[in-house]
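Overview (structure and organization)
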Amino acid sequence: MNDMESLARRTLAGINPNLTVVKFQSFTQQIADRFTEERMIARLTMLFGGLALLLATIGLYGVTGHGVVRRTPEIGIRMALGAERSFKPRLDC
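Now for a look at the structure at hand.

What counts as what
Residue numbering note: each chain is counted from 1, following its sequence as written. Totals for whole chains, interfaces and linings use all residues, but because this is a predicted model, local features are given only for residues with pLDDT of at least 70 and pairs of side-chain atoms are given and counted only at 80 or more. Hydrogens and waters are ignored; side-chain quantities use all the structure's heavy atoms. Any carboxyl oxygen of Asp or Glu within 4 Å of a side-chain nitrogen of Lys or Arg constitutes a salt bridge here. Segments assigned H or I by DSSP are reported as helices when at least four residues long, segments assigned E as strands when at least two residues long, and all are numbered from the N terminus. Here's how the labels work: a residue is buried when its accessible area is under 20% of the maximum for its type, exposed when over 50%, partly exposed in between, all with a 1.4 Å probe on protein chains only.

**Considering the pattern of salt bridges**
- Enumeration over the complete set of coordinates arrives at 4 salt bridges.
- A salt bridge links Lys-23 to Asp-33, with the shortest nitrogen-to-oxygen separation between them at 4.0 Å. With Lys-23 in the loop between α1 (2-15) and α2 (27-34) and Asp-33 in helix α2, this pair connects stretches of sequence that are 10 residues apart.
- For Lys-23, a relative accessible area of 60% translates into the label exposed.
- Note that Arg-78 and Glu-74 form a salt bridge whose closest N and O atoms lie 3.1 Å from each other. Here Glu-74 and Arg-78 lie together in helix α3 (residues 36-80), a separation of 4 residues that amounts to about one turn.
- A single salt-bridge network, built from bridges that share partners, covers Arg-71, Glu-74 and Arg-78.

Shown next, in the form of structure tokens:
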């Protein structure tokens, strides 16, 4: 890359000494510089999507846990009154 830059500078200076090369980049670097804003927006979108997924997971865990805590005394009372531990669906509906 450095040899190509010096060769290009010498060639341009030989053609026209008033020309100056301000920024010498490869095509890949130019493309990468062109899409920095889009790349940043994509990363922020992934970050916020992951955060939303985490919050949804915590929320579902909390709601499920709350339901279990509310039903624990009911389950204890049913077991004290003789309910069976396993659930057997009725087939004579």
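From this point, things continue past the structure.
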